Amino acid sequence: MITNNSKPLLEVQGLHASVNGVAILKGIDLTINYGEIHAIMGINGSGKSTLAKILAGHSAYQVTAGNVIFDGKDLLALAPEERARSGVFLAFQYPIEIPGVANNQFLRLAYNTVQTQRGKDELDPLEFDDYVREKMKLLEMNPDFLDRSVNEGFSGGEKKRNEILQMALLEPRLNILDETDSGLDIDALRIVANGVNQLTNKDNATILVTHYQRLLNYIVPDYVHVMNSGRIIKTGGKELALELETRGYDWIGAEENIPEGAAL
Amino acid sequence: MSEVASNHYLEGLLKTYSQHSSDVTPWLSQMRNEAVDRVGELKIPTKRDEEWRFTDISSLTDIPFQTAQTIPQLQPADIKHHYIQEAATRLVFVDGHYASALSTINNDSGIIAGNLSMLLPSYSAKIAPHLGQHVSYGDNIFAALNTAFLHDGVVIIVPQNISVSSPIQLLFIATQKEVTSHPRCLIIAEPGSNVTVVEDYIAGQEVAYVTNAVTEISVADNAHVNHIRLQRDSNQAFHIANCTATLAHASNFQSINVALGARISRLNLNVQLASEGAECAVNGLALIKKRQLADTHTFIDHIKPHGTSRQLHKCIVDGAAHAVFNGKIMVQPNAQQTDSSQTSRNLLLTGQAQVNTKPQLEIFADDVKCAHGATVGQLDPEEIFYLKSRGLSEQAARNLLTYAFGAEIIERIPVISLKNQLEQAVLEYTQSTES
């Protein structure tokens with residue numbers, strides 16, 4: 001939702017990043033205001049998932065130039081856990097399985113860690129149980145998932161729902177959904193999208209990293225950005241996603257006249 | 001260690017050996033005498049012995065560990081915190097001696113439980129076919145020593161078709177320094193019976209002592225035995241254990257072995273699938289730090305067809321500790337249709353931590369399904385990042401993952417209070433890691 005009086009939540013300025021000396025991001029500029037939903041699309045290897053991971057603080061990537069300002073603060077100076085506590089949330093493309101840790105134990109630990117940071121009271125196991133069950137209804141999740149090990153033996157769709165459940169619990173200000181639609185059948189996609197729609201509001205903003213337009217039928221973006229070779233090469237409204245769906249990605253490079261292998 | 005030192009040590013030990021005429025049964029005294037002879041001929045192993053190549057126990061002979069001469073009078077209040085609340089029957093041994101005042105025997109379920117010297121006069125015919133028959137002492141110095149000193153011990157007989165709903169706790173408490181005890185357990189599960197036994201080794205104080213235990217388990221046709229072995233000896237202690245379970249037709253043996261304590265510990269666990277359709281699950285967890293060494297040698301022997309074995313052994317090694325796992329699975333020539341899997345997973349928390357793991361599969365039958373594998377590694381950075389991205393600190397993330405690694409074994413313990421207690425122990429361990 002675009003509102004006239006909204007202020008920037010995230011400002012990415014000239015961001016360059018590399019992994020093992022190989023440049024992946026080659027100058028990203030992106031401003032996201034409170035209340036907005038931005039879709040970032042692009043072919044595999046365009047750098048869109050890398051951007052998501054860098055915003056969350058993954059240590060495998062080195063930022064070589066540029067700034068990221070989150071709510072007026074230097075995001076890149078914060079450790080991943082500090083980013084999480086100040087309201088950045090990454091829904092993983094491949095959520096990690098943790099055998100031996102019950103999901104409810106993990107969810108409560110994460111919830112209480114973030115709550116404490118915000119100066120709020122922790123919930124004891126019983127209080128948390130009530131709270132989490134309420135949130136699970138949002139995602140039509142069976143309460144059995146609380147007693148199982150974190151993501152262990154979950155189907156693709158169950159893992160993604162568990163990610164959005166964490167988003168619901170932690171109430172972040174910046175939601176980054178990395179290929180949340182991948183591996184979902186149409187019913188699961190609808191449920192996950194419903195959950196996300198109920199969680200987006202004027203006090204947060206959302207980045208949807210996705211390969212396909214399909215997700216955007218359910219979560220309607222305010223802006224669509226197309227990434228290629230580590231840069232945003234086109235930005236438009238939601239209709240851009242539909243155009244990509246029919247025409248593919250090739251025409252943009254030609255239209256923008258980006259030379260092959262352009263270096264910065 | 002020189003042979004001279006070894007023999008001197010053994011002679012020293014045998015000096016404390018004496019005939020207890022009061023409890024002598026001819027077959028038992030003959031067995032003891034044979035064991036004494038074997039002690040005279042065998043030597044304490046060194047790293048030159050293949051079975052001991054990673055475990056140097058030469059320091060065992062530095063101190064002439066004698067059997068306890070006097071036994072402290074412990075009060076229930078002293079040891080109550082070690083009680084497993086679900087247990088209706090609890091047998092307590094202090095420094096190797098049976099403490100009847102601390103023990104509770106509940107025969108309501110129909111089981112026969114007690115100490116060997118008390119039960120031997122009435123149950124000699126049931127005991128004789130098993131005692132000393134499962135763990136052989138002919139070529140095993142520690143089993144021979146235990147048998148030479150075999151005057152008392154635990155006897156549990158679960159009669160045919162009896163199911164015991166509450167677990168039986170066997171509590172061995174070491175209270176004195178420079179003392180050797182020789183705990184001995186015999187568990188006889190008769191056909192169709194079902195029982196859970198927790199064998200629990202506890203330190204009364206943080207001193208150096210030796211525990212040299214032998215446990216024999218007979219699982220008869222269609223019987224089911226849960227055996228939980230918990231070694232939480234003093235961090236200065238030596239703990240040597242030999243345990244053998246013999247499985248009859250369509251029987252089921254579930255074994256969980258947890259090693260938390262001891263300076264040097266060694267468990268030899270043998271499971272003999274001696275008849276058709278036997279099933280076993282062998283789970284192990286060693287959780288060690290500083291300069292501890294925990295060595296687990298298992299041998300699962302598929303002797304007859306249609307046997308199933310599942311093994312998961314895990315080691316979490318912190319500080320400069322050293323874990324050893326040697327897991328041998330044998331499938332004998334006529335053990336067709338054997339289904340066996342073995343996994344050894346090891347987590348090293350520091351650069352000095354060390355593990356030697358050796359899964360061994362020896363298959364002599366052609367129609368079998370066998371899988372085995374071993375991993376040695378550190379915590380996965382992707383898993384740590386996942387937890388940090390949910391607000392957990394680096395340390396909290398590492399602790400949780402370490403805990404989870406161990407909890408996978410602990411979760412399999414079918415006794416709730418013990419499971420909770422051990423989860424707490426793993427949690428405390430992870431919070432004190434040096435990494």
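Values in this document were obtained by computation on a predicted structure and should not be read as measured data. Within each chain, residues carry numbers counting from 1 in the order of the written sequence. Working convention: letters from A go to chains and numbers from 1 go to ligands, in the order in which they are written. For a predicted model such as this one, the threshold for reporting local features is a pLDDT of at least 70, and the threshold for listing and counting side-chain atom pairs is 80 or more; totals across whole chains, interfaces and linings nevertheless cover every residue. For side-chain calculations, the full set of non-hydrogen atoms in the structure is used, while hydrogens and water are omitted.

### Thoughts on the overall build of chain B
The condition that has to hold: Counting from the N terminus, the helices are the DSSP runs of H or I reaching at least four residues and the strands are the DSSP runs of E reaching at least two. Note that the radius of gyration is over C-alpha atoms, with the globule rule given as 2.2 Å times the number of residues to the power 0.38. Categorising residues by exposure relies on relative accessible area from a 1.4 Å probe, with only protein chains included: less than 20% of the type maximum marks a residue as buried, more than 50% marks it as exposed, and the intermediate range marks it as partly exposed. Per-residue and other accessible areas follow the Shrake-Rupley method at a 1.4 Å probe size, with only the shown protein chains counted as cover for residues.
Along chain B, the regular secondary structure elements total eight helices and 21 strands. Since a compact globule built from 435 residues should have a radius of gyration of about 22 Å, the 21 Å found for chain B is in line with a globular shape. Residues classed as buried in chain B amount to 59% of the 435 residues present. Working note: accessible area of chain B is about 16300 Å², and carbon and sulfur atoms make up 47% of it.

### Points about the pattern of salt bridges
Worth spelling out the cut-off: Basic side-chain nitrogens of Lys or Arg form a salt bridge, by our definition, when they fall within 4 Å of a carboxyl oxygen of Asp or Glu.
According to the stated counting rule, one finds 24 salt bridges over all chains in the structure shown. With its nearest N and O atoms 2.6 Å apart, the salt bridge here joins R173 of chain A to D71 of chain A. With a gap of 102 residues between them, R173 of chain A in the loop between α5 (156-170) and β9 (174-178) and D71 of chain A in the loop between β4 (62-70) and β5 (73-74) connect regions that are remote in the sequence. By relative accessible area, D71 of chain A is classed as partly exposed at 27%. D200 of chain B is the salt-bridge partner of R232 of chain B, the closest N and O atoms lying 2.9 Å from each other. Taken together, the residues span a long stretch of sequence, with R232 of chain B in strand β11 (residues 224-232) and D200 of chain B in strand β9 (residues 194-203) at a distance of 32 residues. With respect to class, R232 of chain B is no different from D200 of chain B; both count as buried. A single network of salt bridges, built from pairs that share partners, joins E50, R53 and K358 of chain B.

### Observations regarding helix α6 (residues 186-199) of chain A
Helical geometry: 3.6 residues make up each α-helical turn, so side chains three or four residues apart lie on a common side. Residues and elements named next belong to chain A. Condition: Expected helix span is computed as 1.5 Å times (number of residues minus one). A contact between two residues is defined here by any heavy atoms of the two lying within 4.5 Å. We call two N or O atoms a polar contact when they sit within 3.5 Å, provided that within protein one can donate a hydrogen and the other can accept it, with sequence-adjacent residues counted only if both atoms are side-chain atoms.
End to end, α6 covers 20 Å across 14 residues, agreeing with the expected 20 Å (1.5 Å per residue, within 8%). Every buried residue belonging to α6 is among A188, L189, I191, V192, A193, G195, V196 and L199, and all of these are buried. Buried residues along α6 sit against α4 (125-138), α5 and β9. The N-terminus of α6 is capped by D185, whose side-chain oxygen sits 3.2 Å from the backbone nitrogen of D187.

### Quick word on the side chain of H211 of chain A
Residue and element names in this part refer to chain A. Its location among the elements puts H211 in the loop between β10 (205-210) and β11 (223-228). Judged by its relative accessible area of 18%, H211 is buried. At 3.5 Å, the side chain of H211 and the side chain of N44 are in polar contact. The residues contacting H211, other than those within four sequence positions of it, are M41, G42, I43, N44, K48, E179 and Y249.

### Description of the packing of helix α6 (residues 381-388) of chain B against helix α7 (residues 394-410) of chain B
The description of two helices packed together rests on the angle between their axes and the distance between the axes. All names here are of chain B. Rules: Here an axis means a line fitted to C-alpha atoms, over the contact stretch when the element is a helix, while the angle between two N-to-C directions is reported on a 0 to 180 degree scale. Note on angle classes: values under 35 degrees are labelled roughly parallel, values over 145 roughly antiparallel, values of 65 to 115 roughly perpendicular, and the remainder oblique. By convention, the crossing between two helices is left-handed when the near helix turns anticlockwise from the far helix through less than a right angle, and right-handed when the turn is clockwise. The residue classification treats Ala, Val, Leu, Ile, Met, Phe, Trp, Tyr, Cys and Pro as nonpolar and Asp, Glu, Lys and Arg as charged. All others, Gly included, are polar.
Running from amino to carboxyl end, α6 crosses α7 at an angle of 120°, the nearest separation of the two axes being 9 Å. Relative to α7, the element α6 lies oblique. For the element pair α6 and α7, the recorded crossing hand is right-handed. Residue-level contacts link E383, I384, L387 and K388 of α6 to E394, A397, R398, L400 and L401 of α7. Across the contact of α6 with α7, the residue classes tally to five nonpolar, no polar and four charged.

### Section: the pairing of strand β2 (residues 22-33) of chain A
All names here are of chain A. Basically, it comes down to this: A strand pair is defined by DSSP finding two or more bridges across the two strands.
As judged from the nine bridges shared by strand β1 (residues 8-19) and β2, these two strands associate in the antiparallel manner. When the bridges of β2 are listed, H16 appears paired with K26. If you look at the hairpin formed by β1 and β2, you'll find two residues sitting between the two strands, and N20 has a positive phi there, around 50°.

### A look at the sheet that holds strand β3 (residues 37-42) of chain A
All names here are of chain A. Strand order in the open sheet formed by six strands is β6-β9-β10-β3-β11-β12, with mixed pairing between adjacent strands. Two strands bound the open sheet, and with one partner strand each, they are β6 (88-91) and β12 (231-236). Here the average twist between neighbouring strands, direction ignored, is 20°.

### A closer look at the pairing of β11 of chain B
All names here are of chain B. Within β11, eight of the nine residues are buried, which leaves it mostly tucked inside the rest of the structure. Of the pairings in the sheet, the one linking β9 to β11 comprises nine bridges and is parallel in character. Bridge pairing in β11 places Y201 opposite Q231. Note that β11 and strand β13 (residues 252-259) share eight bridges and pair parallel. Residue H227 lies in a different strand from β13, and its bridge partner there is S255.

### Some words on a negative patch on the surface
All names here are of chain A. Rules: Here the term patch refers to residues with relative accessible area over 30% and no salt bridge, with like charges joined within 9 Å and nonpolar side chains (Val, Leu, Ile, Met, Phe, Trp, Tyr) within 5 Å. Positive: Lys, Arg. Negative: Asp, Glu. His and the chain ends are not part of the count. Lysine's charge is taken at NZ, arginine's at CZ, aspartate's at CG and glutamate's at CD.
A cluster of acidic side chains, namely D121, E122, D124, E127 and D130, defines a negative patch on the protein surface. Structurally, D130 can be placed in helix α4. For D130, a relative accessible area of 54% corresponds to the exposed category.

### Here we look at the sheet that holds β13 of chain B
Residues and elements named next belong to chain B. The strand order across the open sheet formed by 10 strands is β3-β2-β6-β9-β11-β13-β15-β17-β19-β21, and the pairing between neighbours is mixed. In this open sheet, the two edge strands, each paired with only one partner strand, are β3 (97-98) and β21 (369-377). Bridge count for β13 against strand β15 (residues 279-288) is eight bridges, and the pairing is parallel. Across the sheet, F253 pairs through a bridge with C280, a residue of β15. Running at roughly 150° to strand β17 (residues 308-317), α7 makes contact with β13, β15, β17 and β19 (339-348) of the sheet. Across the sheet, helix α8 (residues 416-431) lies against β9, β11, β13, β15 and β17, angled at about 35° from β11, the strand it touches most.

### Notes on the environment of Q424 of chain B
Note that Q424 of chain B resides in helix α8. Residues Q424 of chain B and L348 of chain B, 76 residues apart in the sequence, show an inter-C-alpha distance of 20 Å.

### Points about the interface of chain B and chain A
In plain terms, the rule: Throughout, the accessible surface (probe 1.4 Å) given up by two parts as they are put together, summed over both, is called the buried area.
Across the boundary between the two partners, chain B contributes 19 residues, which contact 29 residues of chain A. The junction of chain B with chain A conceals about 2000 Å² of combined surface from both sides, 67% of it contributed by carbon and sulfur atoms. It is F385, Y386 and R390 of chain B that lose the most area in chain B upon contact with chain A, and together they represent 39% of the buried surface on that side. At the boundary of chain B with chain A, the tally comes to one salt bridge. Of the charged contacts in the structure, one is a salt bridge between R390 of chain B and E163 of chain A, with a shortest N-O distance of 2.7 Å. For the interface between chain B and chain A, the tally reads eight residue pairs in polar contact (both at pLDDT 80 or more). For the side of chain B that touches chain A, the secondary-structure elements that each account for two or more residues are α6 and α7 of chain B. Of the residues forming the side of chain B that touches chain A, the biggest block, seven residues, is contributed by α7 of chain B. Within the side of chain B that touches chain A, the residues separate by chemical class into nine nonpolar, three polar and seven charged.

### Details of the packing of aromatic side chains
The cut-off we apply is this: The rule is short: rings of Phe, Tyr and Trp, with Trp giving its six-membered ring, pair when the centres are within 6.5 Å, and they are stacked under 30 degrees, edge-to-face over 60, tilted in between. Lysine and arginine charges are scored as sitting over a ring when NZ or CZ, respectively, is within 6 Å of the ring centre and within 35 degrees of the ring normal.
The tally for this structure, following the rule as stated, stands at 11 aromatic pairs over all chains. Aromatic pair F106 of chain A and Y386 of chain B: ring centres 6.0 Å apart, planes at 20°, arrangement stacked. Taken together, the residues span two chains, with F106 of chain A in helix α3 (residues 103-117) and Y386 of chain B in helix α6. Residues F106 of chain A and Y386 of chain B agree in their burial class; the two are buried. Seen in terms of ring centroids, Y111 of chain A and F128 of chain A are 5.6 Å apart; in terms of plane orientation they differ by 45°. Their pairing is tilted. Here Y111 of chain A is found in helix α3, whereas its partner F128 of chain A is found in helix α4, with 17 residues between them in sequence. Side by side, Y111 of chain A and F128 of chain A carry an identical accessibility label, which is buried. Within the aromatic cluster, the residues linked to one another by ring pairs are F92 and F106 of chain A together with F385 and Y386 of chain B. The aromatic ring of Y83 of chain B is capped on one face by R90 of chain B, whose charged end is 3.7 Å from the ring centroid. Between the NZ or CZ atom of K314 of chain B and the centre of the ring of F405 of chain B, over which it lies, the distance is 4.1 Å.

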